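# Structural overview for review
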Amino acid sequence: MKTIVFVFLTTIVIFVQLSAQDSIKFVLAQTIPNIGGNDIMLADFNNDGNVDAFIADGESNKPLPSRLWINDGTGHYADSKQDFGIAKSWSVVSGDLNGDGLIDIFITNVDWNNGDSSRLWINNGHGKFTCSANQFGKANSSCATLGDLNGDGALDIFIANHPYSNGQGGEDEVWFNDGKGKFINSGQKLGESDAARRVKLADVNGDGFLDAIVLNGDTNRIWFNNGKGQFLESRQNIGVGENIDLAVCDINNDGNKDIIIVKGAWGKKPKGIEVWMNDGKGNFSKSQSIGDYDGYGIAVGDFNHDHYPDLVIINGTNQPNQIFLDDKHGHFYDSQIDIGSGGNKVAVSDINHDNLLDIIIVGSESTKVYLQTNKK
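Because the structure is predicted, anything quoted here is derived from the model rather than measured.

## Comments concerning the packing of aromatic side chains
Here the distance between the centres and the angle between the planes together describe a pair of aromatic rings. Overall, the coordinates contain 11 aromatic pairs when judged by the stated rule. On the numbers, 5.9 Å between centres and 50° between planes, the contact of F84 with F129 is tilted. Placement of the pair is F84 in the loop between β6 (77–79) and β7 (86–87) and F129 in strand β11 (residues 129–131), with a sequence separation of 45 residues. Both residues of the pair, F84 and F129, belong to the buried class.

Below, the structure written as structure tokens:
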């Protein structure tokens, strides 16, 4: 009897996987040339109702121009030709930072030896941007995230830094917004000389305040917010290793924010992804480790319309990228859906108004636009 039940359950899993592969299809619709693409942000930057793409470019030894690409409504992108200067830009986030209802751009920049200043670009409402006069100091900044950290209704900035080449620096910073796009350093120096890779904000302990999950190249950290934008480290372990990217979402619809970590870049172990479940009070336990590739990027979206979040994972050069589907119990399986190989980061949105989620993968040599077709 036990053998029969086991075979029956296995058959169901295989059927679900094959059905997903048959019903969800992507076509490579456009390849955008770029050099040193490190991050991508999707938003309607020019208020025409279409999802545009900002790509942050830079190499560790070479500053490069970042680019804003404008969507014509069909999911095809053209260079806006705007000048955003040149820098070793590692990541980009966007939001209304000066309270005028328009989406602005914040770019984090690195310089391994001397540091650089991250830059805020203000939107004029037509997708044209001007660099603000804000001075964010010199740092070796890997990434940033936006959120109202002190409860005043304005978007603040949490910047995660990387040590310099001499091993100094690397503490994370919190910058408070006055509501009009002027920022003041809170004076907090969070963490030690951690090699920050990525940061996300979410209320993980259920107190109504945005906490910070900082992914580092060594020890990951969760910082609890006291509601005034002051952070205290939770000191719990959410994994070690070559951590590269993360997503924060409720994977089993229990109302709690869980964490998925992508790791294993540059051939290091462990590889693949780790799934960390939240008990609702900000305590996490690892529920799943899957994947055998060098992970670089992750994005979340409901590709099969079952109201559970699925994952897009970007892997190393010549390694297949993956879409992991949620089994509705907070566990993921590889759908075997083809979305090419390699890249650095990924973003998901409906970019051609067909109510299907599309995928854009940014890499060191090109950015690839995959449109979902759902046609056999």
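## Some points on the pairing of strand β12 (residues 141–147)
When you tally the buried positions in β12, you get seven out of seven residues, the bulk of the element. For β12 and strand β13 (residues 156–161), the ladder comprises six bridges, and the chain directions are antiparallel. If you follow A144 over to β13, its bridge partner there is I159.

## Comments concerning the confidence of the model for the chain
Overall, the prediction assigns the chain a mean pLDDT of 92, with 94% of residues at 70 or greater. This model gives residues 1–18 a pLDDT under 50, and the stretch forms four contacts once residues within four places in sequence are excluded.

## Comments concerning the side chain of E173
If you trace the backbone, E173 turns up in strand β14 (residues 173–177). Taking the relative accessible area as the measure of exposure, E173 reaches 7% and is therefore buried. Looking at E173, its side chain comes within polar contact range of the side chain of W175, at 3.1 Å. Aside from chain neighbours lying at most four places away, what touches E173 is F136, I157, F158, I159, N161, N185, Q188 and K189.

## Quick look at the state of the cysteines
Note: disulfide means a covalent bond formed between the sulfur atoms of two cysteine side chains. Going through the model one piece at a time under the given rule, you end up with zero disulfides. The closest cysteine sulfur to the non-disulfide-bonded C131 is located on C143, 20 Å from its own sulfur. Between C143, a free cysteine, and C249, which holds the nearest cysteine sulfur, the sulfur-to-sulfur gap is 18 Å.

## As for the layout of surface pockets
If you add up the space inside the largest pocket, you get close to 860 Å³. Looking at the largest pocket, it is lined by 35 residues, and the ones nearest its centre are N38, Y296, G343, N344 and S364. Taken together, the residues of the lining of the largest pocket break down into nine nonpolar, 20 polar and six charged. Estimates place the volume of the second largest pocket at around 610 Å³. What lines the second largest pocket is a set of 27 residues, and nearest its centre among them are I40, M41, V93, R198 and K200. Contributions of two or more residues to the lining of the second largest pocket are made by β2 (37–43), β8 (89–95), β12, β16 (196–202), β20 (243–249), β24 (295–301) and β28 (345–349). Class assignment for the residues of the lining of the second largest pocket results in 20 nonpolar, three polar and four charged.

Conventions and cut-offs
- Residues numbered from 1 in each chain as written.
- Predicted model: local features only at pLDDT ≥ 70, side-chain atom pairs only at ≥ 80, totals over all residues.
- Heavy atoms only, no water.
- Phe/Tyr/Trp six-rings, centres within 6.5 Å; stacked < 30°, edge-to-face > 60°.
- Helix = DSSP H or I, 4+ residues; strand = E, 2+ residues; numbered from the N terminus.
- Buried < 20%, exposed > 50% of the residue type's maximum accessible area, 1.4 Å probe, protein only.
- Pairing = 2+ DSSP bridges.
- pLDDT = per-residue confidence, 0-100.
- Contact = heavy atoms within 4.5 Å.
- Polar contact = N/O pair within 3.5 Å; in protein donor to acceptor, adjacent residues only side chain to side chain.
- Disulfide = S-S within 2.5 Å.
- 1 Å grid on protein atoms, 1.4 Å probe; cavity = no way out; pocket = protein on both sides within 12 Å on 5 of 7 lines; lining within 4 Å.
- Points joined across faces, edges and corners; volume = space filled by probe spheres on them.
- Nonpolar A, V, L, I, M, F, W, Y, C, P; charged D, E, K, R; others polar.

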